Amino acid sequence: MFFRNLTLFRFPTALDLSELDARLAEFPLKPVGPLEMSSRGFVSPIARDGEAMTHRIEDAIWLTVGGEEKILPGPVVNELLARRIEEFEDKQGRKPGGKLRKQMKDDLLQELMPRAFVKPVRSDALIDLEHGVVAVNSSSRKSAENLVSEIRTALGSFPALPLNAEVSPRAVMTGWIAGEPLPDGLTLGEECELKDPSDQGAIVRCQRQDLQCEEITRHLDAGKQVTKLALNLDDHVSFVLGEDLIIRKFKLLDGALDSLEHTENDDMRAELDARFALMRGEFKRLFTVLEGALKLSKAE
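Residues numbered from 1 in each chain as written. Predicted model: local features only at pLDDT ≥ 70, side-chain atom pairs only at ≥ 80, totals over all residues. Heavy atoms only, no water.

We now examine helix H8 (residues 268-294). Its 27 residues place the ends of H8 38 Å apart at the C-alpha level, agreeing with the 39 Å of an ideal helix rising 1.5 Å per residue. Positive phi shows up at Lys-295, right after H8, with a value of about 50°. (Helix = DSSP H or I, 4+ residues; strand = E, 2+ residues; numbered from the N terminus. Expected span 1.5 Å × (residues − 1).)

Encoded structure:
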């Protein structure tokens, strides 16, 4: 269960979440109804029905919002709607107006929904109680905010806000590839995005590239600034940090995964438990480094 992307929110560390599991249990995922397009609710992160809605290791909590979404392919709907419009024209001798077309489409969707395929979806989050951080496994701010909103609904109140830095992430990352020292443990990767600060300025994306070469230096001399930067932490974690403070392409490397190879667990639940423990530890180390480097604001 390794997260691939991390959209971060911050909440006060003094917040009492001791009743979190019980509150989430009041909002479980329910099967999508025959006339519904989707359904959302909390599910157990590591087991099926009947298990706790959270999984906790020390000061880290793993929770999951599950969902069911009905699939109604657009081309199918449009084809059936075109047939109905054609039938209407044959019978009435005129084309239906915009309002009637909309009503015809709504009626068609209502008829098709009970027969639609249902796709299961899930969204995971890690809550770090020590730092007061929610890390949602998504690179989409909207999707991440939807998950936080589900927690807020269950708790009645959850003052979690998007991560904010007291310094410009763009300026800090630009300084790093320009030769300024990186925080202890961090090294440059081989990927970055540079932008001209003007509204219609050029954008340069580099992959598998030495980021401290003459080519990059020329872009910096031309005034471009770094908006995304690949980094490594102690050969344990690789990731791409964006100026929006979203962590993309998060990946645990061999330095971290070696610890899993020395465990002898044939039980799937025990394996997930070990993976979550590893994920927790590496995330906390990474967040501590970024918090200091970017002067991340604490929640009041």
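Tracing the backbone shows Ser-297 in the segment after H8. The exposure class of Ser-297 is buried, given its relative accessible area of 18%. Once residues lying within four places of it in the same chain are set aside, the contact partners of Ser-297 are Arg-10, Asn-164, Ala-165 and Glu-166. (Buried < 20%, exposed > 50% of the residue type's maximum accessible area, 1.4 Å probe, protein only. Contact = heavy atoms within 4.5 Å.)

Take the pattern of salt bridges next. One pass over the structure, following the stated rule, counts 20 salt bridges. Glu-69 is the salt-bridge partner of Lys-119, the closest N and O atoms lying 3.9 Å from each other. On the criterion of sequence distance, the pair formed by Lys-119 in strand E5 (residues 117-128) and Glu-69 in strand E4 (residues 60-71) is long-range, its members being 50 residues apart. Here Glu-69 falls in the partly exposed class, since its relative accessible area comes to 23%. Two residues, Arg-248 and Asp-244, come together in a salt bridge whose shortest N-O distance is 2.9 Å. When its relative accessible area of 18% is taken as the criterion, Arg-248 is described as buried. Here the salt bridges do not stand alone but share partners, grouping Glu-58, Asp-59, Asp-128, Glu-130, Arg-280 and Lys-284 into one network. (Salt bridge = Lys/Arg side-chain N within 4 Å of Asp/Glu carboxyl O.)

The subject of this paragraph is the environment of Asn-164. Tracing the sequence through the fold places Asn-164 in the loop between strand E7 (161-162) and helix H5 (169-177). The exposure class assigned to Asn-164 is partly exposed, which follows from its relative accessible area of 46%. Considered as a pair, Asn-164 and Ala-299 are 135 residues apart in the sequence and their alpha carbons are 9.5 Å apart. Filtering out sequence-adjacent residues up to four positions away, Asn-164 remains in contact with Leu-245, Lys-295, Leu-296 and Ser-297.

The subject of this paragraph is the nonpolar core. If you look at the biggest cluster of nonpolar residues, it comprises 49 residues, and the most contacted ones within it are Leu-6, Leu-8, Leu-194, Leu-229, Phe-239, Ile-247 and Phe-250. Ranked by residue count, the leading element in this core is H8, at 10 residues. Not counting residues up to four positions away in its chain, the partners in contact with Ile-247 are Asn-5, Leu-6, Leu-8, Phe-239, Val-240, Leu-241, Leu-286 and Leu-290. Residues Leu-17, Leu-63, Ile-127 and Val-134 belong to the second largest nonpolar core, which totals 23 residues. (Core = buried A, V, L, I, M, F, W, Y, C linked by side-chain atoms within 4.5 Å.)

This next bit is on the sheet that holds strand E12 (residues 247-252). Taking strand neighbours across the sheet as the criterion, the 5 strands line up as E9-E8-E10-E11-E12 in an open arrangement whose pairing is antiparallel. Since the sheet does not close on itself, it has two edges, and those belong to strand E9 (203-207) and E12, each with one partner. The average angle at which neighbouring strand axes cross in this sheet is 20°, direction not considered. Pairing between strand E10 (residues 225-233) and strand E11 (residues 237-242): 6 bridges, direction antiparallel. Looking at the pairing, Lys-228 lines up with Gly-242 of E11. Here H5 sits on the sheet in contact with strand E8 (186-195), E10 and E11, set at roughly 65° to E10. Relative to E8, helix H6 (residues 214-221) is tilted by about 50°, and along the sheet it contacts E8 and E9. (Pairing = 2+ DSSP bridges. Axes fitted to C-alpha atoms, helices over the stretch in contact; angles between N-to-C directions.)

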